[in-house]
Structures are given as C-alpha cells and as structure tokens.
Amino acid sequence: MATTMHLDMGEIENEPVRPKIKDAKGILQQNREFLDFFWDIAKPEQDIRLKAIENLIQYLKKSEKSDELKYTLKRLVDGLAHTREAARPGFSLALGQVLSVFEEVSLRTAFDQIKEKHNLVTVKKKLIRNAAFGNFFGVLALSQSTRLPKEPQVVLECVQLLQSLSLHREHLRDLPRKTMVDILSETSEEVFEEVLLGALQTDLSSAFSTPEQLQLLLVAMQKFPQVLKPKKLKKLLGTSTIITMDNIPKLTEVLKMAARSVKKDRLLPAVALDLLQISLKEDNFELFWRETIIKGMLKDQPGPTHYLSYRLLGSALPLLTLVQLKQVLNGEVMRAYGEHVVSAQLPDRFKFAPEMETYVGDFLQGCDEPEKQLAVVVAFSLLTNQGYPVVPSFWRVVQHLRPTALQSYVDWLKDMFLNPQLESCLDFSTRRQKENQEGGVQRENCIFRLRKWIIPRLTSIVENNQVKREEDLVMDVARFVFFHAFFNAKKATPDIPETEATLSVPLDEKTRVVVINSFFGLLQHMNHLPLLGDSPEVAARNQRHVQGVTGDGSMWIYCLVQYADALLNQPKYAQSTQPFSPEQRRTWDSMLASVRTLMKKSKKGQTPETSAFQQLFLLVGIHLFKAPEDLVDLMQDLQNCMEKAQEKKSKKKATEEEPHWAEVVVDILLSLLSQPSRHIRHVCRTVFSNICPHVTARALTAILDVLDPDKDEEDSAVVVTDDQDSDKIKKKDIKKKGEEDEGEIEEEQSDASDDDSEEGEDEAMEEGGEVDQNFRIELMKVLQNQGALATEQDGSDDDELDDEAMMKLDGSIAALFLEQKKKMQAKKDEKDKLKKGKTLVRDFKIKVLDLVEVFLARQGSSPLVLGMVEPLLSVIESGMSSESDQQEQDFLRKAADIFKNQLCRAKQYCKTVGDRQGELHDLLEKLMTKAQKLSDSSVSLYFFSASLYLVKVLRGGVPGASLRFMGNVDVERVSDIFKGALRSFMTRRKSPLSGLMFIDLFTRFPVLCVNLLETAVEHITIGIREHQQSQASAMVLRGLQSREVQQLLAGDPWAGLLQKAVGQVAAVGSLTYLCLLCFLQKLSVALEPLKKVLQSMREVLGFKKTGQMEDTYWAVMKHFGVIKPKRDRIRKTKEDQAEPTAPKKKKGFLPETKKRKNRKKQLPVSEKGAADANTVPLGKPEEGKKKRNKNKKQPGEETPGQGLAKKAKMTPSAIKQKKKKQHTI
C-alpha cells in the first residue's frame, strides 16, 4: 500500500524492501492537501519549493498531529537521496526548517533515521551515489536547524559521518570538508576542545595534504586560538606556526591544488584568503608573499596559479598596511599582472582586468584613509609597458577617491608630466617587444607614451560626472592643459602657478598635438558641465539644466580666455609656442573688448543676438591659439557683423550690394563647421538658433548650396572613391580613453606582423592587379639590353649569361621593380587622400543639416521654409539612387527625417504666401510630374508628401473656416493635377505611386477628395490590374466613410455617387467591396442589381466554413432582409456511434480477408449491411479491434481498382506462390 502511494506521487524508491507506514487508516487518503506539499518540494522551480516549505510548516503548526509530524520527518529523510538533483536541496532545507521549528523532534532521532535510511554499508553499489548525497544533505539539514551546537554528541557523529563521506570525492568533491568548516565555525570552544578535537586529530595533523584539511585547521585556529596554541600546533604539525620555511613548499602545493580546483569557477579559494590572514597574524606576511606567491605560484606557466595570485593581491588590499601596500604593489605579482593585461588584448583571451578593477573599486570605496587610496591608484598608474600604463586613462575607480586623495592624485599626475620619473615605474616589455627592439627601449619614446597617457587621465577626471570634484580642481586641470598646449614657462611667478614647475624634458611636437586635442575635448565637456557643489541652490539650478557656467554665472570658456590673456600680458614669465603677430594680437584685444561690451549689455537685458555673438567671439578667440592665420579675417568679419547688428533700423543697409550681417554670420558658421570639432559644432548650432529670426533668403541659400548634390557631382571628378580608410582615420580620432589605451598597448606587439602584412598586400596588389603595359615594355627593354631575352637575330637561346652580366641584370630589374612599387604606392596614397576628403565632405554636410533642422524648429512658419523643399528632395533622391556606405546612409536618414518630421508634418508651417500662389502651383505641378516619372516608390512618396505640404501651405489656416475653404488653392487646377496622377496610377502597370498616397490626400483634403471620387469609382472596373482595382475601391471606401465628404455632397450628388459606386460593385461581383453597402442602407438607391449578384455569389461560391468573407456577406445581405439560415446540428446516437465489431477469429482457419473472392461478381455496397456477415466488399477490408481511419490510405492498402489491376497482371505461377504463402501464414 505504501509503495503504491509513493509511486503515485511520482517518487522512485530504489530500496529492495520498503518499510510500511503504521497507519491503518491511510494518511494519504485522508488529506490530499498535506501530501501535495511533498510534491511541490521536489519540483525544480525554487519559488515553488520555498512556498511549499513555508506552507508545510504552517500546516503542521495548525494541525498539531504527531502522526503527521512523524510522517513528515520520514518523507523528508527519504527525499534527501532523491534521484532528481534539484529536489535534494529542497528536502534538506525543509528538514532543517522542521527541526528548527518543532524542537520536540530530537536531533538524535533525525540523525538515526538518516543513517538508517541511507546506510552506505548496506546500500547497493549502483545506489551509493544517492546514499552519499542523502547523508550529506541530512547533515546539512541538521546544521541549518541551528540546534546542532546544543547536542555535542550529535555534532561529533556528524563530523565523523562527514569524514567518511570525504572518501566519496568522485561524487561529493570537497562539500563534506566545507560543511565541516561551517559546523566548526558555529561550535563553541568548550565543545570543540572536549568533543571534536579528538575526532579531528587526523585531519588537523594532515592539514598540508589537501586545501580542505588546511582550511579546516586555519578556521579552527581563528575560531579557537586558546585551544590550538603554539604547543598544540607543535604537537600536531611539528611546527608552532603555519608560515615557516619548512612549510612553504607544502603550502605552495596546496595553493596550486586549490587554484586548479576553482579554475572554472573563477573565484578566490577560501583557504588562500585564510592563509593570507594567518600570515598577517603571525607577522610572516613578507615571507609568505615572497616565497609562496612570487617564488612558488608565479613560477608556473600563466594560468590558474597566476590568476589566484592576482585575486589574492586584490583581496589583500584592505588587509595590508601602507608599507605593505607599497611593497606588494611594486613587486613581481603586479609586473606579471601587467604582462597579462597586455597579452590578453588578443581576441579569445581571458581578461582579468575587469575583475581587478572590481577589487580596486571595492577597496577605494571602503577605505577611509586617503594615504592608502593614493598609494593604490599611484601604484597602478606606475605599472607601465614601455612607459605606457596598463590601466585605461578613463578608469572609473577614481570616482571613489576622497577629495584630498583626488587632489593629491591630480598633483602627482601633473608632477609626473613635468618630470617623468621612469625609474619609479614598474616597467616591463613583452617577449615580442623585446624581439622587435634589438637596440633596447628609447627613453624619449617612453616619456612620450607616459605623457600621452597622463593628459587624457587628467581630462577624464574632469569629464567623469561621478567624480566628486570642485570648481577649483576643474579650473586647475584646464589651466594646466591649456598652458602646456600653447605656452612654455620662462620664469617662475606666483601669479601663474604653472610657471613655477618647469619641464625636465621639453615637449616634442607629437606630445604637443596630443595636449592640444585633449584641451579642446576638455573644452567641449566643460561647455556641458553642470553646476558643481552639493548645496540646495545648486541642485535647484541644475534642474533648470544650467550648463557651461561656474557658480558665479561666468562661462568656463570665458575664464580660460581671461587666463590666456593674463599669459599673453606677461611674456616675461610665459612664452607662447606660436607667438602672435601684431595683427593677431590686435585681433585678440578687439575680441576681448567686444566680449566685455556684450557682457555689459547682457547685464541690462540678455538678447539672443548678444548671446550668439558672445559665444562666437569666445569660440573663435580660443581657437586663435590653434590656427591664428586662418581666423584673423574671420574675427574681423565677426566684428563687422556685430556692429551692423547693433545699428538701428534706420541706419541699416547703406548699399544694397552689401550683405546682411546674418549672411556673414552664416558664412562664418559654415567655415567653422568645416573643422572636425564637436565643441565648434555645438556652439554653431546654439549660435544659429539665436540668429534664426534674422536669417535671410541668401543666407539660407548658402546653407542649402552645401547640400546640393548637383554641385557635389561637379566636384566629384576629383573625389570619387569609397571611405574605408577614412573610416579608420575617423575611428582613430574617436578612440579615446580606455579603447585608445588598449590600442596603444597593442601597438608594439603588432609592429612586425603589420609590416609583413603590408608587404603581403603590396605583393598581392602586384600579382592580382592588371598588368601595367608600360611596366611590361620597360622590363622587356631591360632584359633585351642585358642579353637575357632571345631575339630573332640570335637564332638560338642556348647561350647563358656569365656571373657579372647576371649581377648587372639583377640590379637593373631590382631598380625597375623598386620604381614600379613607388608608383603604385603613390597611387594608393592618392586614393587614400581622396577617400579621406570625401569622408570629411560628407561629415561636413551632416553638420550643415543641423542648421537646417534648427531653422525648421525655430522658424517653421517663415516663408523661407518653402525654399527648402526642392533642395531636400534632391538630397533624398540622390541618396536613394546611389549605393552608399554607412556614413552616407546616416546622412540620407537624417535628411529624410528632417524633411518628413520637421517640414511636412510640423505643427508650425507657413500660412501666408503673399504673391507666390502661382509659383507654388507651378512647383506643385512640377513635383507631381516628377513623382510619376520616378522609378523608386519610396522616393516618389517624399515628392507626393511635398505636394500635400504645398497644398496645406496654399490653403493656410483660418480658425472656424467652412469645409469648402481652400484659401489660395486653385481647386480646379490642383484637382486636375491629382486626377492626372490618379489616372496614371490606375493605367500604368509599374507606377511609383501607391493607393495609400491618395488615401492620405482624401483624408487631409475633403474638397479635393470630392473632385477625385468619380475618377476613383470609374477605375474600380477599368483599372489595368486587379491591384489597381482594389486600390480604387479602397479609396472610394475611405472617401465615403468621411463625414466631411458626406456633408460636402449632401443631397442628390451624394445619392448619384452612391448609385455609381453600387453599379461598379455589382459589375465586379467581388465580396471585397461589399462593406460599401453598410453605408447605403438608409439611402434611396437602386440596389436590386447588387442583390441579384449577391444571391448568385452564394450559389457559385457555396460557403461551407465560417470566415471573414462569409461574415461580411451575411452582414450585407441582412440589409436586404435576408437572414443567414441556421444549421441543424444532428447528434449521433450511441447506436450510430457504436462500430460493428468483427467476429472472433477461429483458430486454424484463414481470416475472411484472406479468403479468395469471386472476381466475376461484384456485390453492390449498400449503406448498412447489404453484404453477408461473412463477406466483405471489394476494397473494404474487415475492421479489426483497432480503429482505422477510413479516409486515410493505410500503408500497403489498395483501392478496389488497384487490386483488380494487380491481380489481372499476375501470372498463374505467381498466383500459386501467393496462395502457398497465405497458407503458410
């Protein structure tokens, strides 16, 4: 009974004899809810298991039945060895909770049941694994009950059981040892000394054998130091301490075993950390680290032992003193870690750097000592590969530095930049780098690489918004970078702190370029920098998105301009790397004067023009240090623009030929946008947004001319290449921070392979390219001149060249091939130059699109917007018709998005066209004509949308206007234009237009819809294809559904249109258009022709299944008074459902299906039992016990005709053989 019940619950019990439950009434039959708990505990879903355990505990508390508690204990003990792995932890947890809640169940009773049920001695060999797990999870449940320390004897027996389980390592691995450690950590000192010490004597004595036994000893030493005193350790191990020179080899082997055991888990073994803590406690950390880690673990090949050393290094950071930190972080483990970081840059390599970053971040976050924080970040910054640090310049861990530590780190970086101390770096070179550099590493190159890393490191501290920085720190970094980008210190002065420390090694040009680029990148970020500080006032201002200013309201860039002016005014102490000429200096001074004037005016009242000129002056002024020759004229133009903009209206426009000031500003913005700078792009966008109300038609034309693809094609005679190489250049410019660092680390590794690959490419180019005929002729001449090529006059080619002639020939051929290689390289360089130029042009156009987008957003209702329609359409058409790379696709996508969303669908649009009605009508006709001639439907859609936009502009917007109001639209002309387009769509097989375009027209302009509806109705039947006919029907349907159209055609026109529509639908006779009639039910329209067609449809189509077509059909017929007939469902009786059973077969006789039939007579088959019971009609075998599908042909089954045909072809001998075979069967 018990076995049956257990099998019903889905559990498989493997014992030969199942103990019977001593419950005569049967608990399983009494309470199903109680038994379901055990089912859920065995399920693989963790949430279900936890819920079941909770419900079981609550049920037992309410029940208070001892027999149910006993049964629960038995079921949970049985489940500890469940064959399903996910079920064992569930039963173990449930048992632990039951023992914890119901203390009346003694641990002795539970432990005895576990040992009895899962006896490792008596269990079958194939069930040893399950029994081992049952014992282990049983002990684990006792440990989880929190009652184990209260019963010392049970603790002892549990430890002994775990010791025996440790022999089954192939099943349990190191789980028993770990559980022993857990039990030990919860045991009191008295119990350990009196009970467990004797049982663990063997394990503690052999602590250096396995990682588990060593960890057991280390935990015991940490938990019970009064018991395991040095004398006791001397007795157990032979030494009074763990870290000794004699034990070092044993400890090293144990750690290697531990490292290999966690290879897949990628974590630090607990024994390693415990050993580290013991070494610190015994004051033998230096010995342990030097002998065990450096001379032991690192001597192996890179792998698990190295990774354990790195993890131990990261975990040791919070435990070490400042002196120990400096010692460890300047040792061989750090050097090995650096070599790993460099070598792991190759693909498919394990990268430990993210894990180390986590260790360092956790340490810095939890450390309150700035000295230790500074020591760690400085040590990792000094880990260099030929001068370049292995940590990325944008290292997120600095966000955890305390303000004092951060300031000290910035000061250290600046000092390291000024005075590179390579001897303090923990520098290394990889094996490949050493092979490639025979002459050794040059000091100048290392200094350049170090400085190249320091500057982005400084700027990243400012750019990281998670770093707690103050305004003084930001300005300090910005001043330092700006000074060393454009100035040199001549003499120290306290007024300029940057002059007090001089460069020990002067900056070279490569370093200067890096510093300049970093400065302008920093300037871009400072332009978006929020207010710094933690005060409520700062938080309130940041909610208003105040950016780019200091706490007192000054712009960051203005602060830097003031600093630059202070440097220029003190040439005695600071000298510019590119001194200004007198003209350039006057330009600078006038710029500063203009900015001060604008700032004074802005205090009285800030205007968009004032803000725009102020930003432009500061932008151009700060860029004077980078390119003074190019910007002097630009600055003069800007001065003139500002003067004209500030003049009164009466004084404006002295001459008509003089350009408007906004036009000059636009030209300045376009020239600035040609420079690859994100900061310039952002400022130009902001400035143009401020001057949008003053932009003239000529200024807008200058912007649109840049985007004109026709002009681009004129210039493309020079620039016709793809952009692969320029993409690489772009990527190099974009690569900053961490990515740049990784590439820098890899640079030296791949030098040799890069050279080889370049040579291979050249060879492949020479071999795979077309043969140069001129080169062939020159080669033939060289061979003939040297007599190496036989001619007709020679008559024989047997003569061979002597050694001297051969050497001369080799030299001539080598010179010829060298010259040819130079020519090919020159062609390749020219091609790369053209590619780069094309990329820059495309990038410039993308920036110019920003100005178009800003103008449409700010001045969408201006008549100037109408001049953008054709240029944007030409950009889209040109982009769609050419195969483009990713950059051109981005350009096209942005242009199309601006045209569709910012222009055609904008809420603000031009509503007053003045005297331009004729021009706009001509443009509308031109666009519609072009839309019909295009080959691409997607491009035609944009032209059609532009036409609808023009109609909207011509109509204008008058609140409360009537339905027939169309403003300045020539309704007749526009209707004729769209009618022609509609006829073109209906009569051409390959038209770029689509039905959705006209449906959009019908929806937006009901007046035009009324004029086009008749044309659409006509083409329901005369459309060139069914597609056009269906599209015409959809247009008519949408038009008839419109309330505006119904109001415009109220009365006889509406009825006449519907009559025509009904006639067209009746002529077609397709159910697709029947939904039209839903709108005709209350109208006086002759529907008899349609009714006849619909009735004929039912007879022709014969609906047999329900579906959308049939539902639509009967919904329409309902309006004619015809109701869908109901189908009578006939239920089969039991007698009809019962199938006739075949008679029982008689033993020794052939079945009826095998008996020979009279082929000459063929009995007619009636509906019920026309044939005799002993006979079966031809082709219908007798039905056996199995139900067979009569409609489906069974394998080997024949139809009556097939059977007769086969039998007719059989020969008499074949018939005899078949009969003989039947009898044998």
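Residues numbered from 1 in each chain as written. Predicted model: local features only at pLDDT ≥ 70, side-chain atom pairs only at ≥ 80, totals over all residues. Heavy atoms only, no water.

*Asks:* Please give an account of the overall build of the protein chain that cites residues and values.
*Replies:* In terms of helices and strands, the protein chain carries 57 helices and five strands. In the protein chain, 73% of the contacts between residues at least 6 apart in sequence involve partners at least 24 apart. (Helix = DSSP H or I, 4+ residues; strand = E, 2+ residues; numbered from the N terminus. Contact = heavy atoms within 4.5 Å.)

*Asks:* Could you give me a rundown of empty space enclosed by the protein, with the residues and numbers involved?
*Replies:* The gaps of empty space that remain are located by a probe, the size of a water molecule, rolled over the atoms. Tallied over the full model, the rule gives five cavities of 30 Å³ or more. Here the largest cavity defines a volume of roughly 70 Å³. Around the largest cavity, the lining residues are Asn-527, Met-555, Ile-557, Gln-615, Leu-618, Leu-619, His-679 and Val-683. Elements with a contribution of two residues or more to the lining of the largest cavity: helix H32 (608-623) and helix H35 (678-691). With three residues, H32 is the largest single contributor of residues to the lining of the largest cavity. Taken together, the residues of the lining of the largest cavity break down into five nonpolar, three polar and no charged. (1 Å grid on protein atoms, 1.4 Å probe; cavity = no way out; pocket = protein on both sides within 12 Å on 5 of 7 lines; lining within 4 Å. Points joined across faces, edges and corners; volume = space filled by probe spheres on them. Nonpolar A, V, L, I, M, F, W, Y, C, P; charged D, E, K, R; others polar.)

*Asks:* Which residues make up the nonpolar core, and what values go with them?
*Replies:* Counting residues in hydrophobic clusters, the biggest one holds 316 residues, and the most contacted among them are Ile-242, Phe-688 and Phe-978. In contact with Phe-688, not counting residues within four places along its chain, are Val-666, Leu-669, Val-695, Ile-703, Leu-851, Val-854 and Phe-855. (Core = buried A, V, L, I, M, F, W, Y, C linked by side-chain atoms within 4.5 Å. Buried < 20%, exposed > 50% of the residue type's maximum accessible area, 1.4 Å probe, protein only.)

*Asks:* I'd like a rundown of the side chain of Lys-372, residues and numbers included.
*Replies:* Within the element layout of this structure, Lys-372 appears in helix H23 (residues 370-381). With sequence-adjacent residues up to four places away left out, Lys-372 is seen in contact with Leu-320, Thr-321, Leu-322, Leu-325, Phe-363 and Cys-367.

*Asks:* An account of the packing of aromatic side chains is needed here, citing residue identities and associated values.
*Replies:* Under the criterion given, the structure shown has 40 aromatic pairs. For the ring pair Phe-482 and Phe-487, a centre distance of 6.0 Å and an interplane angle of 50° mean the geometry is tilted. Aromatic side chains Phe-486 and Phe-519 sit 6.1 Å apart centroid to centroid with 90° between the ring planes, which places their arrangement in the edge-to-face category. With a gap of 33 residues between them, Phe-486 in helix H27 (residues 471-486) and Phe-519 in helix H28 (residues 509-527) connect regions that are remote in the sequence. The rings of Phe-482, Phe-483, Phe-486, Phe-487, Phe-519, Phe-520, Tyr-563, Phe-580, Trp-588 and Phe-625 are connected pair by pair, giving a single aromatic cluster. Across the ring face of Phe-133, the terminal group of Arg-88 is positioned such that the distance to the ring centre comes to 4.4 Å. (Phe/Tyr/Trp six-rings, centres within 6.5 Å; stacked < 30°, edge-to-face > 60°. Lys NZ or Arg CZ within 6 Å of the ring centre and 35° of its normal.)

*Asks:* So, unusual backbone geometry: which residues are in play, and what are the values?
*Replies:* Leave glycine aside and you will find that most residues have negative phi; peptide bonds, for their part, are mostly trans. Non-glycine residue Thr-146 carries a positive phi angle of around 65°. Even without being a glycine, Asp-283 presents a positive backbone phi close to 60°. Tracing the chain through its elements places Asp-283 in the loop between helix H17 (270-281) and helix H18 (285-294). By relative accessible area, Asp-283 is classed as exposed at 62%.

*Asks:* Give me the lowdown on helix H47 (residues 971-987), citing residues and values where you can.
*Replies:* Between the first and last C-alpha of H47 there are 24 Å, a value that for 17 residues agrees with the 24 Å anticipated at 1.5 Å per step. Burial in H47 covers these residues: Val-974, Ser-975, Ile-977, Phe-978, Ala-981, Leu-982, Ser-984, Phe-985 and Met-986. Tucked inside the fold, the buried residues of H47 contact helix H45 (917-933), helix H46 (937-955), helix H48 (995-1004), helix H49 (1006-1022) and helix H50 (1026-1041). (Expected span 1.5 Å × (residues − 1).)

*Asks:* Give me the lowdown on the sheet that holds strand E1 (residues 383-385), citing residues and values where you can.
*Replies:* Read from one edge of the open sheet, three strands run E2-E1-E3, paired in mixed fashion. In this open sheet, the two edge strands, each paired with only one partner strand, are strand E2 (388-389) and strand E3 (426-428). Two strands pair when backbone bridges link them, and E1 and E2 are joined in this way by two bridges, in the antiparallel orientation. Bridge assignment links Thr-384 to a residue of E2, and that residue is Pro-389. (Pairing = 2+ DSSP bridges.)

*Asks:* Describe the pattern of salt bridges, and please don't skip the residues or the numbers.
*Replies:* In total, this model carries 32 salt bridges according to the counting rule given. Between Arg-108 and Glu-157 there is a salt bridge, with its nearest N and O atoms 2.7 Å apart. With Arg-108 in helix H7 (residues 107-117) and Glu-157 in helix H9 (residues 152-165), this pair connects stretches of sequence that are 49 residues apart. Among the residues examined, Glu-157 registers a relative accessible area of 17% and is labelled buried. Among the salt bridges present, the one from Arg-973 reaches Glu-925, with a minimum N-O distance of 3.0 Å. Here Glu-925 lies in helix H45 and Arg-973 lies in helix H47, a separation of 48 residues in the sequence. Exposure remark for Arg-973: the relative accessible area of 26% places this residue in the partly exposed category. Of the residues examined, Glu-925 reaches a relative accessible area of 36% and is grouped as partly exposed. Counted as one network, the salt bridges with shared partners bring together Arg-681, Arg-685, Asp-850, Glu-853 and Lys-894. (Salt bridge = Lys/Arg side-chain N within 4 Å of Asp/Glu carboxyl O.)

*Asks:* Please give an account of the environment of Glu-190 that cites residues and values.
*Replies:* By the secondary structure assignment, Glu-190 is in helix H12 (residues 189-199). Residues Glu-190 and Phe-224, 34 residues apart in the sequence, show an inter-C-alpha distance of 9.4 Å.

*Asks:* How would you summarise the state of the cysteines if you had to cite specific residues and measurements?
*Replies:* Under the counting rule described, the total for this entry stands at zero disulfides. Cys-425 takes part in no disulfide bond, and the closest cysteine sulfur, belonging to Cys-446, lies 8.8 Å away. (Disulfide = S-S within 2.5 Å.)

*Asks:* Now, about helix H8 (residues 128-144): what can you tell me, with residues and values included?
*Replies:* Within an α-helix, residues lying three or four positions from one another point in the same direction, as the helix has 3.6 residues per turn. For H8, with 17 residues, the first-to-last C-alpha span of 24 Å sits near the 24 Å given by 1.5 Å per residue. At the exit of H8 stands Thr-146, carrying a positive phi of roughly 65°.

*Asks:* Break down a negative patch on the surface for me, citing the residues and quoting the values.
*Replies:* A cluster of acidic residues, Glu-189, Glu-190, Glu-193 and Glu-194, forms a negative patch on the protein surface. Here Glu-189 is to be found in helix H12. For Glu-189, a relative accessible area of 32% translates into the label partly exposed. (Patch = residues over 30% accessible without salt bridge, like charges linked within 9 Å, V, L, I, M, F, W, Y side chains within 5 Å. Areas by Shrake-Rupley, 256 points an atom, 1.4 Å probe, with all protein chains shown as cover. Lys, Arg positive; Asp, Glu negative; His and termini not counted. Charge placed at Lys NZ, Arg CZ, Asp CG, Glu CD.)

*Asks:* Now, about the environment of Cys-559: what can you tell me, with residues and values included?
*Replies:* Looking at the secondary structure, you find Cys-559 in helix H30 (residues 556-568). Put simply, Cys-559 and Met-475 are 84 residues apart on the chain and 8.5 Å apart in space, counted from C-alpha to C-alpha. Those residues within four positions of Cys-559 in sequence are excluded, and the remaining contacts are Met-475, Thr-550 and Ser-554.

*Asks:* Account for the side chain of Glu-282, with residues named and values stated.
*Replies:* On the secondary structure map, Glu-282 appears in the loop between H17 and H18. It turns out Glu-282 is buried and unbridged, and the closest side chain with the opposite charge, Lys-281, is 8.0 Å from it. Engagement of the side chain of Glu-282 in a polar contact is seen with the backbone nitrogen of Ile-242, the distance being 3.0 Å. (Polar contact = N/O pair within 3.5 Å; in protein donor to acceptor, adjacent residues only side chain to side chain.)

*Asks:* Lay out the packing of helix H34 (residues 661-673) against helix H36 (residues 697-707) with the relevant residues and their values.
*Replies:* Running from amino to carboxyl end, H34 crosses H36 at an angle of 20°, the nearest separation of the two axes being 8 Å. Comparing their axes, H36 and H34 come out roughly parallel. Residues Ala-662, Glu-663, Val-666, Asp-667 and Leu-670 of H34 form the contact with H36, whose participating residues are Arg-698, Ala-699, Ala-702, Ile-703 and Val-706. (Axes fitted to C-alpha atoms, helices over the stretch in contact; angles between N-to-C directions. Parallel < 35°, antiparallel > 145°, perpendicular 65-115°, else oblique.)

*Asks:* So what's going on with the environment of Val-121? Residues and values would help.
*Replies:* Along the chain, the position of Val-121 falls in the loop between H7 and H8. Assessed through its relative accessible area of 75%, Val-121 is described here as exposed. As for Val-121 and Ala-131, which are separated by 10 residues in sequence, their C-alpha atoms are 9.8 Å apart.

*Asks:* Give a detailed account of the confidence of the model for the protein chain, specifying residues and quantitative values.
*Replies:* With 76% of its residues at a pLDDT of 70 or more, the protein chain shows a mean pLDDT of 78. Counting contacts from residues 1-18, a segment whose pLDDT is below 50, to residues more than four positions away or on other chains yields 31 contacts. Predicted confidence for residues 1160-1209 stays below pLDDT 50, and this span has 32 contacts to residues more than four positions away or in other chains. (pLDDT = per-residue confidence, 0-100.)

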